[in-house]
Amino acid sequence: MGGEETFRSNQRRLDLLTLGGPRHAPPPTPVALPTTHAIPPAAPPIAPPLPPIAAARPLTRALRPAAPQASRLQFRPASTSAHVEDPEMNGGYVNPPAVKRQFRDPYGDWWDKQERRNYGEPLHEDNDVLAIFSPEEYTHFTPGWGWVLFGSFWAVFGSGAALTYYLRPDKPSTPRTFVDGLEKELGGPSVVRARKDGEGEW
């Protein structure tokens, strides 16, 4: 009964406010309704049962160990002995004689005047170091004769320098001298003085 009376009282207050009652009337106080019983919490979901673990079957035969595999760093190149089919390891290509183009006749009747070769002439596999634009070999004279020329140059140059040193004439003038080398005038005994009388060499 107490709950119904409170609800009716609140309803009358609401009607008075709606029909023009006091503008600043206090709002109705909320009333907590009594609960008859508590709501039980929800039960957690039940996970489905796991399937049974199958037992491993015994092996019918023993496992053989894997054969060792050679790594890339363990490979060795093929031997270049006489029994190998391709001793040059170039696919059986027959190389012409390895002669640099610089030693060919520059005035010969070549199909390619610049490269000094004929049309269809087989190329050597090292053509990049045998062509006309490769570094030329120095064949003017031997290394021994080059050292002879080098030493001869320095011998002649040194002999000329020695003769000039001993045969060079003196200066055609006499150096000027001062009394006491102008030691006092230049600032004292610790300064660089001028030439004094009797000093032949400076």
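Computed from a predicted structure; not experimentally measured.

> Lay out the confidence of the model for the protein chain in plain terms, naming residues and giving numbers.
Any segment with low pLDDT has predicted coordinates that should not be analysed in fine detail. Here the protein chain averages 75 in pLDDT, while 63% of its residues score no lower than 70. At the low end of the mean pLDDT range in the protein chain sits helix H1 (residues 2-18), at 70; at the high end sits helix H3 (residues 143-167), at 95. Scored below 50 in pLDDT, residues 78-82 makes five contacts in the model with residues more than four places away or belonging to other chains.

> Residue-level account of unusual backbone geometry, with values.
At Arg116, a position not held by glycine, the phi torsion is positive, near 60 degrees. Judged by its relative accessible area of 16%, Arg116 is buried.

> Talk me through the side chain of Glu115; I want residue IDs and the actual numbers.
Along the chain, the position of Glu115 falls in the loop between H1 and helix H2 (127-130). Within the structure, Glu115 has its side chain in polar contact with the side chain of Arg101 (distance 3.2 Å).

> Kindly report on a negative patch on the surface, identifying the contributing residues and their values.
Residues Glu88, Glu125, Asp126 and Asp128 make up a contiguous surface patch of negative charge. The residue Asp128 is located in helix H2 in this model. Owing to a relative accessible area of 62%, Asp128 belongs among the exposed residues under this scheme.

Rules used in this analysis
- Residues numbered from 1 in each chain as written.
- Predicted model: local features only at pLDDT ≥ 70, side-chain atom pairs only at ≥ 80, totals over all residues.
- Heavy atoms only, no water.
- pLDDT = per-residue confidence, 0-100.
- Helix = DSSP H or I, 4+ residues; strand = E, 2+ residues; numbered from the N terminus.
- Contact = heavy atoms within 4.5 Å.
- Buried < 20%, exposed > 50% of the residue type's maximum accessible area, 1.4 Å probe, protein only.
- Polar contact = N/O pair within 3.5 Å; in protein donor to acceptor, adjacent residues only side chain to side chain.
- Patch = residues over 30% accessible without salt bridge, like charges linked within 9 Å, V, L, I, M, F, W, Y side chains within 5 Å.
- Areas by Shrake-Rupley, 256 points an atom, 1.4 Å probe, with all protein chains shown as cover.
- Salt bridge = Lys/Arg side-chain N within 4 Å of Asp/Glu carboxyl O.
- Lys, Arg positive; Asp, Glu negative; His and termini not counted.
- Charge placed at Lys NZ, Arg CZ, Asp CG, Glu CD.

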